[in-house]
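Coordinates in review
Here is what each chain is made of, one letter per residue.
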Amino acid sequence: VLMRVNDVLLSIPAILLGLTLAAVVGPGMIAIVAALAVATVPTVARVTRGSALAVMAQDFMEAGRSIGLPDRTLIWRYLALNCISPVLVYLTLRF
């Protein structure tokens, strides 16, 4: 469901979204920050999801599940640490 909402946000051009937010909120720094955040979040979510799916397909995740590690440990110790690099690179390039 969240990725479908993400797809809807991606279908709206960022400039149109920015102009709409500027019209609703008014000109100023808050409108600029809100427009940038709303325009950046869907692409970051897509990159994060793709990275997470790639990491989840790795053998070490299956090995962790097979030895009975809790989901919280798998997510924080293995998934998050292996997904953070591509996301940080994308955010650096985006900004």
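Thresholds, definitions, all that
Residues numbered from 1 in each chain as written. Predicted model: local features only at pLDDT ≥ 70, side-chain atom pairs only at ≥ 80, totals over all residues. Heavy atoms only, no water. Helix = DSSP H or I, 4+ residues; strand = E, 2+ residues; numbered from the N terminus. Polar contact = N/O pair within 3.5 Å; in protein donor to acceptor, adjacent residues only side chain to side chain. Axes fitted to C-alpha atoms, helices over the stretch in contact; angles between N-to-C directions. Left-handed = near helix turned anticlockwise from the far one by under 90°. Contact = heavy atoms within 4.5 Å. Nonpolar A, V, L, I, M, F, W, Y, C, P; charged D, E, K, R; others polar. pLDDT = per-residue confidence, 0-100. Core = buried A, V, L, I, M, F, W, Y, C linked by side-chain atoms within 4.5 Å. Buried < 20%, exposed > 50% of the residue type's maximum accessible area, 1.4 Å probe, protein only.

**Some thoughts on the environment of Ser-66**
With respect to the helices, strands and loops of the structure, Ser-66 is situated in helix 4 (residues 59–66). A distance of 2.8 Å separates a polar atom in the side chain of Ser-66 from the backbone oxygen of Ala-63.

**Structural notes on the packing of helix 3 (residues 29–56) against helix 5 (residues 71–94)**
For the pair helix 3 and helix 5, the least separation of the axes is 9 Å and the interaxial angle reads 145 degrees. Judged by the sense of rotation from one axis to the other, the crossing of helix 3 with helix 5 is right-handed. Each of Ala-39, Thr-40, Thr-43, Val-44, Val-47, Thr-48, Ser-51, Ala-52, Val-55 and Met-56 in helix 3 lies in contact with helix 5, whose residues at this interface are Tyr-78, Leu-79, Asn-82, Cys-83, Pro-86, Val-87, Tyr-90, Leu-91 and Arg-94. Taken together, the residues that form the contact of helix 3 with helix 5 break down as 13 nonpolar, 5 polar and 1 charged.

**What to know about the environment of Ile-15**
Topologically, Ile-15 is positioned in helix 2 (residues 14–25). In this structure the C-alpha to C-alpha distance between Ile-15 and Gly-28, which are 13 residues apart in sequence, comes to 16 Å.

**Thoughts on the confidence of the model for the protein chain**
Mean pLDDT for the protein chain: 88, with 100% of residues reaching 70 or above. The lowest-confidence element of the protein chain is helix 2, averaging 82 in pLDDT; the highest-confidence one is helix 4, averaging 91.

**Overview of the nonpolar core**
One recurring pattern in soluble globular proteins is that nonpolar side chains are buried together. Judged by nonpolar contacts, Ala-52, Val-55, Met-61, Leu-74, Leu-79 and Cys-83 together constitute the single largest core of 6 residues. Sorting the residues of this core by element identifies helix 3 and helix 5 as the ones contributing at least two each. Looking at which element gives the most residues to this core, the answer is helix 5, with 3 residues. Beyond its immediate chain neighbours, meaning those up to four positions away, Leu-79 contacts Ala-52, Val-55, Met-56, Met-61 and Leu-74.

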